[in-house]
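Observations on the three-dimensional arrangement
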Amino acid sequence: MTDNNPIYAGIEGEHNLYDNAAILLQSIPYDGTSTWGKGADEGFGAFLDATQNMEIYDIETDSEVYKKGVHIIEPILEDESPEAMFEAVYKNTKELLKTNKFLTFFGGEHSISIGIIKAFYEAHPDITILQIDAHTDLRPEYHGSPYNHACAVYDASQNANLIQVGIRSMDSGELDYLDRDKCFFAEDMYGHTNWMKESISKMTDNVYITFDLDAFDPSIMPATGTTEPGGLLWNSTIQYLKNVFQQKNVLGFDIVELAPIDGLTAPQFLAAKLYYKMLSYKFANS
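Figured I'd write up the structure that's included with this text.

The rules we used
The residue numbers shown here count from 1 along each chain, following its written sequence. Reporting of local features is limited, given that this is a predicted model, to residues whose pLDDT is at least 70; pairs of side-chain atoms are given and counted only at 80 or more, and all residues count toward the totals for whole chains, interfaces and linings. Side-chain numbers here rest on the full set of heavy atoms in the structure, without hydrogens or water. To qualify as a nonpolar core, a set must consist of buried Ala, Val, Leu, Ile, Met, Phe, Trp, Tyr and Cys residues joined through side-chain atoms within 4.5 Å. Only protein chains enter the calculation, and the probe is 1.4 Å; a residue is then buried if its accessible area is under 20% of its type maximum, exposed if over 50%, and partly exposed in between. Contacts are assigned to residue pairs with any non-hydrogen atoms lying within 4.5 Å of each other. Only DSSP runs of H or I with at least four residues qualify as helices, and only runs of E with at least two residues qualify as strands; both kinds are numbered from the N terminus onward. Each reported salt bridge corresponds to a side-chain nitrogen of Lys or Arg within 4 Å of a carboxyl oxygen of Asp or Glu.

Moving on, we get to the nonpolar core. Within the largest apolar cluster, 53 residues are counted, with the highest numbers of intra-cluster contacts made by Phe47 and Ile209. When residues no more than four places from it in sequence are discounted, the contact partners of Phe47 are Tyr8, Leu25, Phe106, Leu258, Gln268, Ala271, Ala272 and Tyr275. In terms of nonpolar packing, the next biggest core, distinct from the first, is built from 31 residues, Leu103, Val153, Ala160 and Cys183 among them.

And the structure:
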């Protein structure tokens with residue numbers, strides 16, 4: 001936890017120092033189990049570059065949340081095996097939870113979330129895990145490991161209140177672990193917004209959000225490992241997130257699966273804006 005790390009949004013100042021910052025941001029650039037499109041290990045650098053080129057005044061919340069301080073801590077670079085990565089992330093997150101700062105993480109592929117989520121539900125047994133994703137990620141194991149990206153929320157489904165939003169792809173073997181009452185399929189969400197109220201009504205007071213960027217439609221987010229047609233669009237997604245942050249106590253979040261495409265900057269700008277929006281909603285009234 002030094003102050004020699006990259007600077008969020010390229011804005012220098014004491015607000016970003018560890019002691020002053022309300023928010024911690026950690027990169028976990030692991031891409032060891034992705035099975036099709038690679039490149040999520042390059043996502044954080046592209047994301048940071050985009051943050052330096054976005055407007056820092058948020059019109060909707062009439063705020064400049066960067067002033068709360070975003071301190072970028074040392075990344076987790078463990079990549080010997082999925083198991084080793086999981087252990088490193090899990091132990092690290094347990095320590096970070098002692099800081100009482102707002103914790104945010106950036107992948108890497110979705111397997112990085114397994115250890116984070118475990119640490120959160122152990123610290124907050126009443127927590128809801130809100131997964132925004134194209135895929136159910138409910139396999140107990142895949143390719144010989146329970147710490148594969150295809151297993152990202154299986155452990156959460158067994159140990160926490162899991163709400164899944166935007167789903168439009170799964171394996172039949174995952175049906176045994178799917179709670180249909182708490183899964184909101186993209187095709188059923190199209191054209192109306194009652195899914196927002198219904199899904200939020202199923203959440204406990206405390207929420208952790210894991211956001212896989214492939215939840216978005218490929219027309220606005222092509223830079224991800226496995227694109228699925230029929231995904232979420234920007235305005236409805238941020239409207240939903242705003243409602244979640246207003247009605248629940250969001251304890252932290254991660255954003256995963258940004259795999260940059262050479263010459264195409266829009267996807268990382270979307271990721272940067274999403275991150276900033278989520279922080280803006282979290283701290284809008286503080």
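Anyway, onward from the coordinates.
Let us look at the environment of Asn5. Summarising the element assignment, Asn5 is placed in the segment before β1 (23-28). In this structure, the C-alpha to C-alpha distance between Asn5 and Glu74, residues 69 residues apart in sequence, is 7.0 Å. The contact partners of Asn5, leaving out residues within four places of it in the chain, are His71, Ile72, Ile73 and Glu74.

Bringing the pattern of salt bridges into the picture now. Summed over all chains, the structure comprises 8 salt bridges. Notably, a salt bridge pairs Asp58 with Lys277, separated by 2.9 Å at the nearest N-O pair. Here Asp58 is found in the loop between α1 (43-51) and β2 (70-72), whereas its partner Lys277 is found in helix α8 (residues 266-282), with 219 residues between them in sequence. When its relative accessible area of 8% is taken as the criterion, Lys277 is described as buried. Look at the salt bridges and you will find they share partners, linking Asp58, Glu60, Lys242 and Lys277 into a network.

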